[in-house]
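Now for the letters of each chain:
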Amino acid sequence: MNFRFARHTNNLEQLTLFYTNVLGLKILGSFENHDGYNGIFIGKVNADWHLEFTQTAETVIHSNDEDAILVFYPTSKREYEIILGKIENQKIEILEAKNPYWNENGKLFLDPDGYRIVLSHLKIK
């Protein structure tokens, strides 16, 4: 089974920069004016998952709660430290997670749409 997480946004360019420059993901594809939608696919090359962000002329009003989180698991200490360095350099605020598990096992911060992201150290080899 493959997995795609799709979300509509008002900030396609900002999200693209955030997920590629901060989290180190790659642009896997994109499209323009497909039935009024522009979009981008972001993820890891040859992985069985990716994120899709789309934008139209419509203004999106996001609603999410404190337990709606995308969790990323870097597989090496170097990758984890590089991403943390980018978060610090971009002055992205590390927040307290509602669930204490994520405070013990990662760092929580927000993407440009205000959605919660956890960078977890649990799968580091």
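For the structure itself, look to the data block above.
Criteria and cut-off values
- Residues numbered from 1 in each chain as written.
- Predicted model: local features only at pLDDT ≥ 70, side-chain atom pairs only at ≥ 80, totals over all residues.
- Heavy atoms only, no water.
- Helix = DSSP H or I, 4+ residues; strand = E, 2+ residues; numbered from the N terminus.
- Rg over C-alpha atoms; globule rule 2.2 N^0.38 Å.
- Buried < 20%, exposed > 50% of the residue type's maximum accessible area, 1.4 Å probe, protein only.
- Contact = heavy atoms within 4.5 Å.
- Areas by Shrake-Rupley, 256 points an atom, 1.4 Å probe, with all protein chains shown as cover.
- Lys, Arg positive; Asp, Glu negative; His and termini not counted.
- Charge placed at Lys NZ, Arg CZ, Asp CG, Glu CD.
- Pairing = 2+ DSSP bridges.
- Axes fitted to C-alpha atoms, helices over the stretch in contact; angles between N-to-C directions.

Q: So what's going on with the overall build of the chain? Residues and values would help.
A: Of regular secondary structure, the chain possesses three helices and seven strands. Reading the secondary structure of the chain in the N-to-C direction produces β-α-β-β-β-β-α-α-β-β. Whereas a compact globule of 125 residues would reach a radius of gyration of roughly 14 Å, the chain reaches 15 Å, a difference of no more than 12%. Taken over the C-alpha atoms alone, the chain extends approximately 45 × 30 × 30 Å along its principal axes. Within the chain, the proportion of its 125 residues that are buried is 36%. Taking contacts inside the chain between residues at least 6 apart in sequence as the whole, the part at least 24 apart equals 55%. Here the chain displays about 7,900 Å² of accessible surface, and carbon together with sulfur accounts for 48% of that area. Between the mean site of the 13 positive side-chain charges and the mean site of the 17 negative ones, the chain shows a separation of 9 Å.

Q: Give me the pairing of strand β2 (residues 26-34): which residues, what numbers.
A: Two elements, β2 and strand β3 (residues 37-43), share six bridges in a ladder whose sense is antiparallel. In the strand pairing of β3, isoleucine 27 is matched with isoleucine 42. Between β2 and β3, which pair antiparallel in sequence order, lie two residues; one of them, aspartate 35, sits at a positive phi of approximately 55°.

Q: Let's hear about helix α1 (residues 12-22): which residues, and what values?
A: Taken together, the buried positions of α1 are occupied by Leu12, Leu15, Thr16, Phe18, Tyr19, Thr20 and Val22. A positive backbone phi angle near 75° is found at glycine 24, which sits one or two residues after α1.

Q: With reference to specific residues and values, describe the sheet that holds β3.
A: If you walk across this open sheet you meet the four strands as β1-β4-β3-β2, and the pairing is mixed. The open sheet is flanked by β1 (3-8) and β2, the only strands paired with a single partner. The average undirected angle you get between the axes of adjacent strands in this sheet is 15°. One ladder, built from five bridges, connects β3 with strand β4 (residues 49-55); its direction is antiparallel. Pairing of isoleucine 42 across the sheet is with leucine 51, part of β4.

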